[in-house]
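Tertiary structure, described
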Amino acid sequence: VQLQASGGGLVQTGGSLRLSCVASGSIFSRSTMGWYRQAPGKQRELVASITSGSSTNYVDSVKGRFTISRDNAKNTVYLQMNSLKPEDTAVYYCNAKVPSFLSIVVDYWGKGTQVTVSS
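Residues numbered from 1 in each chain as written. Predicted model: local features only at pLDDT ≥ 70, side-chain atom pairs only at ≥ 80, totals over all residues. Heavy atoms only, no water.

1. Let's talk about the pattern of salt bridges
By the definition in use, this model includes five salt bridges. Among the ionic pairs, Glu45 bridges to Arg37, the shortest N-O distance being 2.7 Å. Under the relative-accessibility criterion, Glu45 is labelled partly exposed at 30%. Across the pair Asp88 and Arg65 runs a salt bridge, and its minimum N-O distance is 2.7 Å. Within this pair, whereas Asp88 is found in the loop between β8 (76-81) and β9 (90-99), its partner Arg65 is found in the loop between β6 (56-58) and β7 (66-71), the two being separated by 23 residues in sequence. Accessibility expressed as a relative area gives 11% for Arg65, which makes it buried. (Salt bridge = Lys/Arg side-chain N within 4 Å of Asp/Glu carboxyl O. Buried < 20%, exposed > 50% of the residue type's maximum accessible area, 1.4 Å probe, protein only. Helix = DSSP H or I, 4+ residues; strand = E, 2+ residues; numbered from the N terminus.)

In structure tokens, the structure reads:
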């Protein structure tokens, strides 16, 4: 499984960005997909996730501003980020949790994409 993330960049406070992550292989529709981020000097944190049934979960700091969605036909997960704040600045990583044999879940990671929000 390969994950290719894109869409990061530099934006001013209050601006918007949309991240995309395309997954290779035929496992996408069965996977829980997520976006994590890691700011300098901080631990990686889960920003948002979406299950195979499209149930979503968000970290409190982004609720009401970010929306995660998926398109199974395109093997793509999106993160729409609105009302961006400087504290959203981080490297954002796409994650796939793939159910495997005997219900073991395997994690796959994409390369990160930098999001920088200027004040």
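2. Details of the pairing of strand β11 (residues 113-118)
Taking every second residue as pointing to the same face, the buried face of β11 carries Thr113, Val115 and Val117, while none of Gln114, Thr116 and Ser118 on the other face is buried. Both strand β2 (residues 9-12) and β11 contribute to a ladder of four bridges, which runs parallel. Paired with Val11 across the strands is Val117, a residue of β11. Alignment of β9 against β11, held across three bridges, turns out to be antiparallel. In the strand pairing of β11, Tyr92 is matched with Thr113. (Pairing = 2+ DSSP bridges.)

3. Overview of the packing of aromatic side chains
Describing an aromatic ring pair means giving the distance of the ring centres and the angle of the ring planes. Considering all chains together, one arrives at one aromatic pair under this definition. A ring pair is formed by Tyr36 and Trp109, whose centres lie 4.9 Å apart and whose planes are at 65°; its orientation type is edge-to-face. One end of the pair, Tyr36, is in strand β4 (residues 32-38); the other, Trp109, is in strand β10 (residues 105-109), and 73 residues separate them in sequence. Classification of Tyr36 as buried rests on a relative accessible area of 14%. Residue placement shows Arg44 over the ring face of Tyr93; its charged tip is 3.8 Å from the ring centre. Across the ring face of Phe28, the terminal group of Arg70 is positioned such that the distance to the ring centre comes to 4.6 Å. (Phe/Tyr/Trp six-rings, centres within 6.5 Å; stacked < 30°, edge-to-face > 60°. Lys NZ or Arg CZ within 6 Å of the ring centre and 35° of its normal.)

4. What about unusual backbone geometry?
The backbone of Ser83 shows a phi angle near 50°, a positive value even though the residue is not glycine. Here Ser83 lies in the loop between β8 and β9.

5. Comments concerning the sheet that holds β8
Read across the open sheet, the four strands follow the order β1-β3-β8-β7; overall the sheet is antiparallel. Both edges of this open sheet fall to β1 (3-6) and β7, since each of them pairs with a single strand only. Each neighbouring strand pair of the sheet contributes to a mean axis angle of 15°, computed without reference to strand direction. Across six bridges, the pairing between β7 and β8 is antiparallel. Pairing of Asp71 across the sheet is with Thr76, part of β8. (Axes fitted to C-alpha atoms, helices over the stretch in contact; angles between N-to-C directions.)

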